[in-house]
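The lines below spell out each chain.
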Amino acid sequence: SQTIHQWPATLVQPVGSPLSLECTVEGTSNPNLYWYRQAAGRGLQLLFYSVGIGQISSEVPQNLSASRPQDRQFILSSKKLLLSDSGFYLCAWSFGTDTQYFGPGTRLTVL
Amino acid sequence: GNSVTQMEGPVTLSEEAFLTINCTYTATGYPSLFWYVQYPGEGLQLLLKATKADDKGSNKGFEATYRKETTSFHLEKGSVQVSDSAVYFCALSPTTSGTYKYIFGTGTRLKVLA
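All residue numbers refer to positions counted from 1 along the written sequence of the respective chain. Labels follow written order: the first chain is A, the first ligand is 1, and so on. At least 70 in pLDDT is required for a residue's local features to be given in this predicted model, at least 80 for side-chain atom pairs to be given and counted, and no such filter applies to totals for whole chains, interfaces and linings, which use all residues. For side-chain calculations, the full set of non-hydrogen atoms in the structure is used, while hydrogens and water are omitted.

A.B. asks: Teacher, can you tell me more about the pairing of strand E4 (residues 32–38) of chain A here?
C.D. replies: Moving residue by residue along a regular strand, the side chains alternate between the two faces of the sheet. All names here are of chain A. Three exposure classes are used, based on accessible area relative to the maximum for each residue type with a 1.4 Å probe and protein chains only: buried under 20%, partly exposed in between, and exposed over 50%. For helices the rule is a DSSP run of H or I covering at least 4 residues; for strands it is a run of E covering at least 2, with both sets numbered from the N terminus onward. Burial of E4 is extensive: seven of the seven residues sit out of reach of the surface. On E4, burial covers both faces: Asn32, Tyr34, Tyr36 and Gln38 on one face and Leu33, Trp35 and Arg37 on the other are all buried. In short, DSSP must find at least two bridges between two strands for them to pair. Sheet analysis places E4 next to strand E9 (residues 87–94), joined by seven bridges and oriented antiparallel. Bridged to Leu33 within E9 is Trp93. Here E4 runs beside strand E5 (residues 44–52); their pairing, made up of six bridges, is antiparallel. Within the sheet, the bridge partner assigned to Leu33 lies in E5 and is Ser50. Between E4 and E5, which pair antiparallel one after the other, the connecting turn spans five residues, and Gly41 there sits at a positive phi close to 70 degrees.

A.B. asks: Any chance you could explain the sheet that holds strand E1 (residues 3–7) of chain A here in plain terms?
C.D. replies: Sheet strands pair via backbone hydrogen bonds, and the direction of the pair is either parallel or antiparallel. Residue and element names in this part refer to chain A. Sheet architecture is open: four strands sit in the order E1-E3-E8-E7, paired in antiparallel fashion. Edge positions in the sheet fall to E1 and strand E7 (64–70), since each has one partner strand and no second. This sheet shows a mean twist of 20 degrees between the axes of neighbouring strands, independent of strand direction. Where E7 meets strand E8 (residues 73–78), five bridges bridge the pair, whose relative direction is antiparallel. The residue bridging Leu64 from the neighbouring strand is Ser78, located in E8. Lines fitted to the C-alpha atoms define the axes, with helices restricted to the stretch that makes contact. Angles between their N-to-C directions range from 0 to 180 degrees.

A.B. asks: Can you help me understand the layout of surface pockets in this one?
C.D. replies: Gaps left between atoms are located by rolling a probe of water-molecule size over the structure's atoms. A 1.4 Å probe that fits into a set of points on a 1 Å grid over the protein atoms alone but cannot get out defines a cavity; an open set with protein on both sides within 12 Å along at least five of seven lines defines a pocket, and lining residues are those with an atom within 4 Å of a point. Grid points are joined across faces, edges and corners, and a volume is the space filled by probe spheres set on the points. Its volume calculated, the largest pocket comes out at about 490 Å³. If you go around the largest pocket, you meet 25 residues; those closest to its centre are Gln38(A), Gly41(A), Arg42(A), Val87(B) and Arg109(B). Put simply, the parts of the chain that give the lining of the largest pocket at least two residues each are strand E10 (86–93) and strand E12 (108–113) of chain B. Any residue that is not Ala, Val, Leu, Ile, Met, Phe, Trp, Tyr, Cys, Pro, Asp, Glu, Lys or Arg is counted as polar, Gly included; the first ten are nonpolar and the last four charged. Residues of the lining of the largest pocket, tallied by class, amount to 10 nonpolar, 10 polar and five charged.

A.B. asks: Explanation requested: the state of the cysteines in the structure shown.
C.D. replies: What makes a disulfide is a covalent bond joining the sulfur atoms belonging to two cysteines. Throughout, disulfides are identified as pairs of cysteine sulfur atoms within 2.5 Å of each other. What the rule picks out here adds up to two disulfides over all chains. Put simply, Cys23(A) and Cys91(A) are joined by a disulfide, and their sulfur atoms are 2.0 Å apart. Handedness of the Cys23(A)-Cys91(A) disulfide follows from its S-S torsion of about -75 degrees: it is left-handed. Placement of the pair is Cys23(A) in strand E3 (residues 19–26) and Cys91(A) in strand E9, with a sequence separation of 68 residues. Considered together, Cys23(A) and Cys91(A) belong to a single accessibility category, that of buried residues. Here Cys23(B) connects covalently by a disulfide to Cys90(B), the sulfurs 2.0 Å from one another. Judged by the torsion about the S-S bond (-70 degrees), the Cys23(B)/Cys90(B) disulfide is left-handed. Here the residue Cys23(B) occupies a position in strand E4 (residues 23–26), and Cys90(B) occupies one in strand E10, the gap between them amounting to 67 residues.

Here it is, written out as structure tokens:
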């Protein structure tokens with residue numbers, strides 16, 4: 001069966017510091033991968049999605065970036081964090097347009 | 001364009017009460033429809049789904065029927081428990097070729113009191 005991992009689970013970072021969040025999927029090949037952000041008490045905002053290695057589509061212009069260095073690895077990065085980057089970051093995977101399955105999330109607090 | 005509208009929360013119920021969370025959608029073609037549940041501090045879990053009109057998705061006592069005539073996918077449960085307290089998200093997956101983006105509702109928080 002497929003499993004999706006995210007780390008770290010919790011992160012507290014100062015404004016202006018860099019960021020790297022990692023997501024990996026086990027038990028499948030060539031999945032579509034997604035990064036979402038959920039601000040406190042809000043819905044989900046799609047940030048990036050990828051349909052293959054090195055293929056990244058950005059949904060929202062901002063100071064975040066994503067990379068997919070391996071088939072089942074998806075990384076969310078920033079060179080300089082802003083206060084507004086605080087939130088709950090969720091990674092998800094799917095086969096094509098089929099059901100999306102979510103990871104446990106990373107809680108990011110920028111101080 | 002595609003959109004999902006959910007009822008505003010929070011919804012507060014007593015244990016064993018009947019639950020309805022309304023969800024309506026706007027989409028071209030025949031999207032797939034989903035309900036996800038998010039417990040505090042966790043990611044989203046798929047609760048149920050339906051892929052065509054008149055399909056009924058069900059899981060853990062929850063049900064939702066894909067109604068194309070009313071463009072709705074309301075979530076129901078006959079008798080809620082305290083453990084059902086969570087945020088529930090309605091979502092659709094467009095059928096447009098090459099579109100991978102789910103459209104999520106804003107979520108409805110459910111609180112069940114003992």
